[in-house]
Amino acid sequence: IEGLGHYYQAKARDIDSTKQIVTCEDLYKGVRFDVEYDYLVVAAGMKSHTFNTHNIERLEGVVVFFLKHLFHARQIRNRIVECFERASNYTIPAVQRDRLLTFIVVGGGPTSCEFMAELHDFITKDVKKWYPELTKHIKLVLVEAGPGILGSFDKALSEYYLQKLKEKNIDVRLNTAVAGVDERYIEGEQITVARFADGTEINFGTMIWSAGLSPVKMISSSDFKLNRSRIVVDEYLRIPETKGRVYALGDCAASPDELPPTATVAEQQALYLADCFNKYFSSFDVTDEKNKDDEIPLPGNVTPYLMPFNALNFLNKVFCKAAPQFQYKNRGAMASMGFGGGVTDLKHTDLPSPKTTMSGKASYLVWSSTYLTKQLSLQNTILIPMYWFKAWMFGRDISRF
């Protein structure tokens with residue numbers, strides 16, 4: 001990365017805002033070391049919230065998986081293939097085969113719904129070709145504690161998405177909370193069982209948990225003021241009582257206008273801070289000893305980043321009014337539904353577009369186009385459509401790695 005001073009493959013364990021030191025831990029040897037800073041931006045994100053549900057954390061990586069990191073995706077993929085490989089063995093009892101081929105996704109937000117749609121495509125279009133005899137044993141279950149899925153979307157879109165999931169023979173259970181996971185023996189076989197608050201139970205082989213957010217340990221143990229487990233920041237994304245030297249953005253930051261923990265919020269916050277540093281803070285010498293007790297001057301006007309495509313950034317000044325404070329601009333909401341489907345909600349967008357909704361292939365086209373514009377390299381922008389074409393033409397690779 002051009003202009004990058006140092007990069008450490010390590011975990012941040014502690015922040016001392018008085019001494020301006022971040023304590024880090026090397027990923028490979030576990031050695032701890034300190035990194036001094038003049039400015040600090042905390043973008044630690046959040047981890048999955050289990051709500052202390054029985055056995056969820058204990059069985060993570062075995063039959064329960066989260067959706068937060070790249071290694072989680074690899075674990076899930078390998079577990080799905082493993083379940084089919086084991087279920088294909090003719091010596092396995094029927095109760096075990098049915099369990100292995102039951103997949104539960106917990107949560108009704110965009111991430112959970114998109115994953116369930118992709119899981120359905122992967123199993124029914126790719127894995128199924130190699131194990132056609134197991135088709136009748138496959139069961140997909142989506143569990144949501146609330147009354148509906150995609151709660152932040154227009155109600156008509158939420159109902160449309162729900163109907164499409166049901167048309168794919170996905171068992172969607174609303175107003176249903178997971179009470180716990182048990183390990184039992186049935187017919188001499190060890191079985192994992194999901195217990196629900198309504199008293200029902202399902203034997204399962206894989207559970208994907210995407211039902212909430214909780215702070216990472218570094219945030220929860222810090223001296224920063226928290227609001228609902230997120231760091232309190234002001235309208236300039238500054239953490240109070242740090243003299244303007246420490247900022248927070250993304251999921252771990254609680255802004256005054258209570259913005260949602262989404263990628264588009266974090267992206268706009270990062271771009272705002274980049275402009276603040278490049279245009280304004282760079283003129284203040286924080287290394288000068290006489291400035292060590294001084295508050296960093298507030299930034300001047302910064303134009304919000306409304307346009308979702310970098311090529312259209314020149315239009316931000318046309319449609320947005322610059323201000324010193326961070327301004328979030330709603331670009332709409334999207335959720336894919338596997339290949340060729342999805343929903344798009346533009347009813348509350350700040351974009352200069354019709355305040356409408358879309359679904360089906362039109363929405364998928366918008367979603368995929370927007371996805372491509374978020375790539376950080378030309379290489380990925382070219383390769384990803386090639387991967388999509390390969391998957392559409394020849395199917396996905398189901399080998400384990």
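Quick note: structure is the one above.
Let me begin by describing the structure that accompanies this report. (Residues numbered from 1 in each chain as written. Predicted model: local features only at pLDDT ≥ 70, side-chain atom pairs only at ≥ 80, totals over all residues. Heavy atoms only, no water.)

1. Thoughts on the overall build of the protein chain
Quick reminder of the rule: What counts as a helix is a DSSP run of H or I of at least four residues, what counts as a strand is a run of E of at least two, and both are numbered from the N terminus. The classification of residues rests on relative accessible area computed with a 1.4 Å probe and restricted to protein chains. Under 20% of the type maximum is buried, over 50% is exposed, and intermediate values are partly exposed. The contact criterion used is simple: two residues touch if any of their non-hydrogen atoms lie within 4.5 Å. Surface accessibility follows the Shrake-Rupley procedure with a 1.4 Å probe radius. Residue values consider only the protein chains on display as shielding.
Helix and strand counts for the protein chain stand at nine helices and 21 strands. Its C-alpha atoms give the protein chain principal-axis dimensions of about 75 × 50 × 40 Å. Looking at the protein chain as a whole, 43% of its 401 residues qualify as buried. A fraction of 56% describes how many contacts in the protein chain between residues 6 or more apart in sequence connect residues 24 or more apart. Accessible surface for the protein chain amounts to roughly 21700 Å². Of this, 53% is attributable to carbon and sulfur atoms.

2. Details of unusual backbone geometry
Of note in this structure, leucine 150 is not a glycine but carries a positive phi near 50°. Considering the arrangement of structural elements, one finds leucine 150 in the loop between strand 8 (139–143) and helix 4 (155–167). Even without glycine at this site, glutamate 258 takes up a positive phi of about 50°. By the secondary structure assignment, glutamate 258 is in the loop between strand 18 (253–254) and helix 6 (263–279). Note on glutamate 258: relative accessible area 60%, which makes it exposed.

3. Overview of the packing of aromatic side chains
Two descriptors summarise a pair of aromatic rings, namely the distance from one centre to the other and the angle between the planes of the rings. Heads up, the condition is: Aromatic pairing here means that ring centres of Phe, Tyr or Trp (its six-membered ring) are within 6.5 Å. Orientation follows from the plane angle: under 30 degrees is stacked, over 60 is edge-to-face, and everything else is tilted.
Counting across every chain of the model gives 15 aromatic pairs. Measuring from centroid to centroid gives 5.8 Å for phenylalanine 389 and tryptophan 392, while their planes differ by 45°, and the two rings are tilted. Separated by three residues within a single helix, phenylalanine 389 and tryptophan 392 lie in helix 9 (residues 378–394), roughly one turn from each other. For phenylalanine 389, a relative accessible area of 47% corresponds to the partly exposed category. Exposure remark for tryptophan 392: the relative accessible area of 53% places this residue in the exposed category. A connected cluster of aromatic rings, assembled from ring pairs, spans Phe339, Tyr364, Trp367, Tyr371 and Trp388.

4. Thoughts on helix 8 (residues 361–373)
Rule in force here: Helix span, expected: 1.5 Å multiplied by one less than the number of residues in the helix.
Look at helix 8: 19 Å from first C-alpha to last across 13 residues, which is about the 18 Å you get at 1.5 Å a residue. Against helix 3 (110–130), strand 19 (333–336), strand 20 (342–345), strand 21 (357–359) and helix 9 lie the buried residues of helix 8.

5. A word on the sheet that holds strand 11 (residues 189–196)
Selection criterion: Whether two strands pair comes down to DSSP finding at least two bridges between them. Where helices are involved, their axes are fitted lines through C-alpha atoms of the stretch in contact, as for all axes, and angles between N-to-C directions lie from 0 to 180°.
Sheet architecture is open: three strands sit in the order 10-11-12, paired in antiparallel fashion. Every interior strand has two partners, whereas the edge strands, strand 10 (178–186) and strand 12 (201–203), have only one. Across the sheet, the mean angle separating the axes of adjacent strands is 25° when strand polarity is ignored. Pairing analysis gives three bridges linking strand 11 to strand 12, with the strands arranged antiparallel. Looking at strand 12, one finds that arginine 195 is bridged to glutamate 201.

6. Section: the pairing of strand 19
Pairing geometry for strand 19 and strand 20, over four bridges, is antiparallel. In the strand pairing of strand 20, alanine 335 is matched with valine 343. Adjacent in sequence and paired antiparallel, strand 19 and strand 20 are bridged by five residues, among which glycine 338 carries a positive phi angle near 75°.

7. So, a nonpolar patch on the surface
The criterion, for reference: Exposure above 30% relative accessible area and the lack of any salt bridge qualify a residue for a patch; like charges then connect within 9 Å, and the nonpolar side chains Val, Leu, Ile, Met, Phe, Trp and Tyr within 5 Å. Whenever Lys or Arg places a side-chain nitrogen within 4 Å of a carboxyl oxygen from Asp or Glu, that contact is recorded as a salt bridge.
Together, Phe339, Phe389, Trp392, Met393 and Phe394 make up an exposed nonpolar region whose accessible area comes to about 630 Å². Locating methionine 393 in the fold gives a position in helix 9. Judged by its relative accessible area of 47%, methionine 393 falls in the partly exposed class.

8. Examining the side chain of asparagine 316
Tracing the backbone shows asparagine 316 in helix 7 (residues 316–319). When neighbours within four sequence positions are excluded, asparagine 316 is seen to be in contact with Thr303, Pro304, Tyr305, Leu306 and Met307.

9. Looking at the nonpolar core
The condition that has to hold: Only buried Ala, Val, Leu, Ile, Met, Phe, Trp, Tyr and Cys residues count toward a nonpolar core, and they belong to the same one when joined by side-chain atoms within 4.5 Å.
Membership of the largest hydrophobic core comes to 38 residues, with the highest contact counts inside it found for Phe84, Leu119, Leu142 and Tyr161. Within the residue set of this core, elements represented by two or more residues are helix 1 (70–87), strand 7 (102–106), helix 3, strand 8 and helix 4. It is helix 3 that provides the largest number of residues to this core, a total of eight residues. With residues up to four places along the chain from it excluded, the contact list for tyrosine 161 reads Cys113, Glu114, Ala117, Ile149, Leu150, Ala335, Ser336, Met337 and Val343.

10. Remarks on the pattern of salt bridges
Across all of its chains, the model carries 20 salt bridges by this definition. Between lysine 125 and aspartate 121 there is a salt bridge, and its shortest N-O distance comes to 4.0 Å. In this pair, lysine 125 and aspartate 121 are both assigned in helix 3, four residues apart and thus about one turn of the helix distant. Judged by relative accessible area, which is 45%, lysine 125 ranks as partly exposed. The exposure class assigned to aspartate 121 is buried, which follows from its relative accessible area of 3%. Here glutamate 167 makes a salt bridge to lysine 164, at a shortest N to O gap of 3.5 Å. Of this pair, glutamate 167 and lysine 164 both sit in helix 4, separated by three residues, roughly a single helical turn. You can call lysine 164 partly exposed: its relative accessible area is 28%. Each of the salt bridges in this network shares a partner with another, and the network as a whole consists of Asp182, Arg184, Arg195 and Glu201.

11. Focus on the packing of helix 8 against helix 9
Heads up, the condition is: Residues were grouped as follows: Ala, Val, Leu, Ile, Met, Phe, Trp, Tyr, Cys and Pro as nonpolar; Asp, Glu, Lys and Arg as charged; and all remaining residues, including Gly, as polar.
The N-to-C vectors of helix 8 and helix 9 enclose an angle of 145°; their axes lie 9 Å apart at closest approach. Here Trp367, Ser368, Tyr371 and Leu372 of helix 8 lie close against helix 9, whose contacting residues are Thr381, Ile384, Pro385 and Trp388. Considering only residue class, the contact of helix 8 with helix 9 consists of six nonpolar, two polar and no charged.

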